[in-house]
Amino acid sequence: MMEMFKGVSVDRCKDVGGPPVAAPTGPSIAKLTASEGRPGTAVAVTAAAPDPARPDELHFLLKGRDIKADVTLGHASSMRAIVPDFGVKAPSKGWVYLVRGGAAGKALPFLFRERNSEPASVK
């Protein structure tokens, strides 16, 4: 199945891989400041319903490779993380999602840019 994502044609079955299966109790992302980024750029994420007793983990996923991000906490529901370097040679569609207590939330699409590409615009 071919689709377009930010002008990049991708084959979801072969190139992208699917997002993780979201658990009914998994945390959801209320706000993501950028839907694309290159390695080293910062992305801010706000959880929809934070639980101070069980902090969220932020994960980046590309073609089956899952990286748990080191985050800097902001307010109770926000965190900042640096986009990891997956070594992509062309823009590649992946995912960003939260995990709380082992339960994955619904993943949002994220476009990983090459290290030397133009900076992504922040919303």
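None of the values given here were measured: they were computed from a predicted structure.

(A) Spatial organisation of the pairing of strand β10 (residues 92-100). Of all 9 residues making up β10, 9 are buried, and the element is well covered by its neighbours. Alternating residues of β10 divide into Ser 92, Gly 94, Val 96, Leu 98 and Arg 100 and Lys 93, Trp 95, Tyr 97 and Val 99, and every residue in both groups is buried. By the bridge criterion, 5 bridges tie β10 to strand β12 (residues 108-112) in an arrangement that is antiparallel. By the bridge assignment, Gly 94 is partnered in β12 with Phe 110. In terms of strand pairing, β10 meets strand β11 (residues 103-104) through 2 bridges, oriented antiparallel. Its bridge partner being in β11, Val 99 is matched across the sheet by Ala 104.

(B) Just the pattern of salt bridges, in detail. For the structure shown, the criterion picks out 5 salt bridges. Here Arg 100 makes a salt bridge to Asp 56, at a shortest N to O gap of 2.6 Å. Here Asp 56 lies in the loop between β5 (42-47) and β6 (57-62) and Arg 100 lies in strand β10, a separation of 44 residues in the sequence. Residue Arg 100 is classed as buried on the basis of its relative accessible area of 8%. Its relative accessible area of 12% is what places Asp 56 among the buried residues. Among the ionic pairs, Arg 115 bridges to Asp 85, the shortest N-O distance being 2.9 Å. Here Asp 85 lies in the loop between β9 (78-82) and β10 and Arg 115 lies in the segment after β12, a separation of 30 residues in the sequence.

(C) Summary view of the sheet that holds strand β3 (residues 29-32). Taking strand neighbours across the sheet as the criterion, the 4 strands line up as β3-β5-β9-β8 in an open arrangement whose pairing is antiparallel. In this open sheet, the two edge strands, each paired with only one partner strand, are β3 and β8 (71-73). When strand polarity is set aside, the average angle formed by the axes of neighbouring strands in this sheet is 25°. The sheet contact formed by β5 and β9 spans 5 bridges and is antiparallel. Opposite Val 43, over in β9, you have Ala 81 as the bridge partner.

Basis of the calculations
- Residues numbered from 1 in each chain as written.
- Predicted model: local features only at pLDDT ≥ 70, side-chain atom pairs only at ≥ 80, totals over all residues.
- Heavy atoms only, no water.
- Buried < 20%, exposed > 50% of the residue type's maximum accessible area, 1.4 Å probe, protein only.
- Helix = DSSP H or I, 4+ residues; strand = E, 2+ residues; numbered from the N terminus.
- Pairing = 2+ DSSP bridges.
- Salt bridge = Lys/Arg side-chain N within 4 Å of Asp/Glu carboxyl O.
- Axes fitted to C-alpha atoms, helices over the stretch in contact; angles between N-to-C directions.

Just distances and angles here, no functional claims.
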